[in-house]
Amino acid sequence: QVQLVESGGGLVQPGGSLRLSCAASRSIVSINAMGWYRQAPGKERVLVARITSGGSTNYADSVKGRFTISRDNDKNTVYLQMNSLKSEDTAVYYCTAEVTPYPRVWGQGTLVTVSS
């Protein structure tokens, strides 16, 4: 299986940017898809962005045009570039890996706080 470790979270002012990284413990070439979810306090965990092994991406409507997901197969890493951050983006962000037919794998999460 694969382990995932997120990094890059922190405190940022509204309108600012952050880049999250998700480092996998092995090659991600054969992983069907990887993605980022987030969970705000008192709310359910929701999909933010997803990228397939072929490079296709999809985004939550709330982040389209502001967030970009990408993958570097050489570094076994997936990134989430977040621009024009808003207070409602505050959440714990989790990296995931879909390795059919196994259960989805989750990272431990990284906290993003958008506040002035």
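The text that follows walks through the structure, step by step, so that each part is easy to find. (Residues numbered from 1 in each chain as written. Predicted model: local features only at pLDDT ≥ 70, side-chain atom pairs only at ≥ 80, totals over all residues. Heavy atoms only, no water.)

This paragraph deals with the packing of aromatic side chains. Inspection of the entire model under this criterion finds 2 aromatic pairs. With centroids separated by 5.1 Å and ring planes inclined at 70 degrees, the aromatic side chains of tyrosine 37 and tryptophan 106 adopt a geometry described as edge-to-face. You can see tyrosine 37 sitting in strand β4 (residues 33–39) and its partner tryptophan 106 sitting in strand β10 (residues 105–106), a full 69 residues away along the chain. When its relative accessible area of 15% is taken as the criterion, tyrosine 37 is described as buried. For the pair tyrosine 94 and tryptophan 106, a centre-to-centre distance of 6.3 Å together with 90 degrees between the ring planes defines the contact as edge-to-face. (Phe/Tyr/Trp six-rings, centres within 6.5 Å; stacked < 30°, edge-to-face > 60°. Helix = DSSP H or I, 4+ residues; strand = E, 2+ residues; numbered from the N terminus. Buried < 20%, exposed > 50% of the residue type's maximum accessible area, 1.4 Å probe, protein only.)

Next up on the list: the sheet that holds strand β3 (residues 18–24). On the basis of which strands lie adjacent, the open sheet formed by 4 strands has the order β1-β3-β8-β7 and antiparallel pairing. Unpaired on one side and paired on the other, β1 (4–7) and β7 (67–72) mark the two borders of the sheet. Strand-to-strand twist across the sheet, computed as the mean angle between neighbouring axes with direction ignored, equals 15 degrees. Examined bridge by bridge, β7 and strand β8 (residues 77–82) share 6 bridges and lie antiparallel to one another. Counterpart to serine 70 in the pairing with β8 is tyrosine 79. (Pairing = 2+ DSSP bridges. Axes fitted to C-alpha atoms, helices over the stretch in contact; angles between N-to-C directions.)

Another aspect to go through is the pairing of β8. Among the 6 residues in β8, 5 count as buried, and that is most of the element. Where β3 and β8 come together, 6 bridges link them in antiparallel fashion. Bridging from a neighbouring strand, arginine 19 pairs with glutamine 81 of β8. Hairpin geometry of β7 and β8 is characterised by an intervening segment of 4 residues between the two adjacent antiparallel strands and by a positive phi of about 55 degrees at asparagine 76.

Gaps between atoms show up when a probe of the same size as a water molecule is rolled over them. Space inside the largest pocket adds up to approximately 170 Å³. If you trace the largest pocket, you find 13 residues lining it, with Arg38, Ala40, Lys43, Val46 and Glu88 closest to the centre. No other element matches strand β5 (residues 46–52), which puts 3 residues into the lining of the largest pocket. Among the residues forming the lining of the largest pocket, the class breakdown is 6 nonpolar, 3 polar and 4 charged. (1 Å grid on protein atoms, 1.4 Å probe; cavity = no way out; pocket = protein on both sides within 12 Å on 5 of 7 lines; lining within 4 Å. Points joined across faces, edges and corners; volume = space filled by probe spheres on them. Nonpolar A, V, L, I, M, F, W, Y, C, P; charged D, E, K, R; others polar.)

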